[in-house]
Amino acid sequence: MPLWLQLLALILATAFGVVFVIRLRSIDDALWQSRLIIYKRLEIYDQIAPDLNRIYCFRRLLGYWKEISPPDLIATKRRLDRAVNINRHLLSEEFYRAYLDFMGVTFRTFTGPGEDAKIRAVVVHDLGDRRVHAAYDWDEAYEWMFDAEDMPTDYQVDEAYMQAMNGLKRSVGLRD
């Protein structure tokens, strides 16, 4: 084999090797960045999911609802709103819309200047009386924190919660 042909083969093999290594490095960098984003999204999930569940349990009188006072629930909504809005651009638009829908069925917002959101639930329900069955001392002022007008059905609350949780799940990269 002539020397020039050997040199050409060596140059082509070297060029192919360099291009291959550069491409592998690019793929590795993209995978590392994706991995970091997934970790961050999982941290956001760990921050948001428990508070969504907290609101759901309080509204539906399920699970640990007796431990959650109305002021605690309003504080949970504020914390959740802050977390969702800060991280909105790392999450999907699908989740954000579902989140707003869930908040809409569980709270009445914009109730007046300087007023807190009102909890869209009843104080006395077939499943329990918040004044009697709660694990905290009931304060009569808590009744002003509720708005039972034009109440969503339990089914609507269930559906909005499932949509928000499924949107959050898909948003962090988990599939059904």
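The notes below deal with the structure included here. Keep in mind it's a predicted model, so treat the numbers as computed, not measured.

What counts and what doesn't
- Every chain begins its residue count from 1, and numbering advances along the sequence as written.
- For this predicted model, a pLDDT threshold of at least 70 governs which residues receive local features, and a threshold of 80 or more governs which side-chain atom pairs are given and counted, while totals over whole chains, interfaces and linings are taken from all residues.
- Note that the side-chain values use all heavy atoms of the structure and ignore hydrogens as well as water.
- Elements are defined by DSSP. Helices are runs of H or I of four residues or more, strands are runs of E of two residues or more, and each kind is numbered from the N terminus.
- Only C-alpha atoms enter the radius of gyration, while the globule expectation follows 2.2 Å times N to the 0.38, with N the number of residues.
- Only the protein chains shown count as cover for residues, and the accessible areas themselves come from Shrake-Rupley with a 1.4 Å probe.
- Residues counted as positive are Lys and Arg, residues counted as negative are Asp and Glu, and His and the chain ends are not counted.
- One atom stands in for each charge, and that atom is NZ of Lys, CZ of Arg, CG of Asp or CD of Glu.
- Exposure above 30% relative accessible area and the lack of any salt bridge qualify a residue for a patch; like charges then connect within 9 Å, and the nonpolar side chains Val, Leu, Ile, Met, Phe, Trp and Tyr within 5 Å.
- Salt bridges are counted wherever a side-chain nitrogen of Lys or Arg sits within 4 Å of a carboxyl oxygen of Asp or Glu.
- Think of it in three bands: with a 1.4 Å probe and only protein chains considered, a residue is buried below 20% of the maximum accessible area for its type, exposed above 50%, and partly exposed in between.
- Think of a polar contact as two N or O atoms within 3.5 Å of one another; within protein, one of them needs to be a possible hydrogen donor and the other a possible acceptor, and neighboring residues in sequence only count if both atoms come from side chains.
- Any pair of residues with heavy atoms lying within 4.5 Å of one another is described as a contacting pair.

**What about the overall build of the chain?**
Here's step 1: When its secondary structure is counted, the chain shows five helices and four strands.
Here's step 2: Reading the chain from its N terminus to its C terminus gives the helix and strand order α-α-α-β-β-β-β-α-α.
Here's step 3: For a compact globule of 176 residues, the expected C-alpha radius of gyration is about 16 Å, and the chain comes in at 26 Å, more than 25% above that figure.
Here's step 4: Dimensions along the principal axes, computed over C-alpha positions, put the chain at roughly 100 × 35 × 25 Å.
Here's step 5: Carbon and sulfur atoms make up 59% of the accessible area of the chain, which totals about 11100 Å².
Here's step 6: Separation of charge centres in the chain, based on 23 positive and 26 negative side chains, amounts to 7 Å.

**A closer look at a nonpolar patch on the surface**
Here's step 1: Taken together, the side chains of Leu-36, Ile-38, Tyr-39, Leu-42 and Leu-174 make up a nonpolar region of the molecular surface, amounting to roughly 430 Å² of accessible area.
Here's step 2: Relative to the elements of secondary structure, Tyr-39 occurs in helix H1 (residues 3-60).

**Brief notes about unusual backbone geometry**
Here's step 1: In this structure, Leu-61 is a non-glycine residue whose phi angle is positive, near 55°.
Here's step 2: Take Leu-61: it is sitting in the loop between H1 and helix H2 (70-86).
Here's step 3: A relative accessible area of 6% places Leu-61 in the buried class.
Here's step 4: Here the phi dihedral of Phe-110 falls at roughly 55°; this positive angle occurs in a residue that is not glycine.
Here's step 5: Structurally, the position occupied by Phe-110 is in the loop between strand S1 (107-108) and strand S2 (118-119).

**Notes on the side chain of Arg-60**
Here's step 1: On the secondary structure map, Arg-60 appears in helix H1.
Here's step 2: Reaching out from Arg-60, the side chain makes a polar contact with the side chain of Asp-154 at a distance of 3.1 Å.
Here's step 3: Ignoring sequence-local partners within four residues, the contact set of Arg-60 consists of Leu-127, Asp-154, Val-157 and Asp-158.

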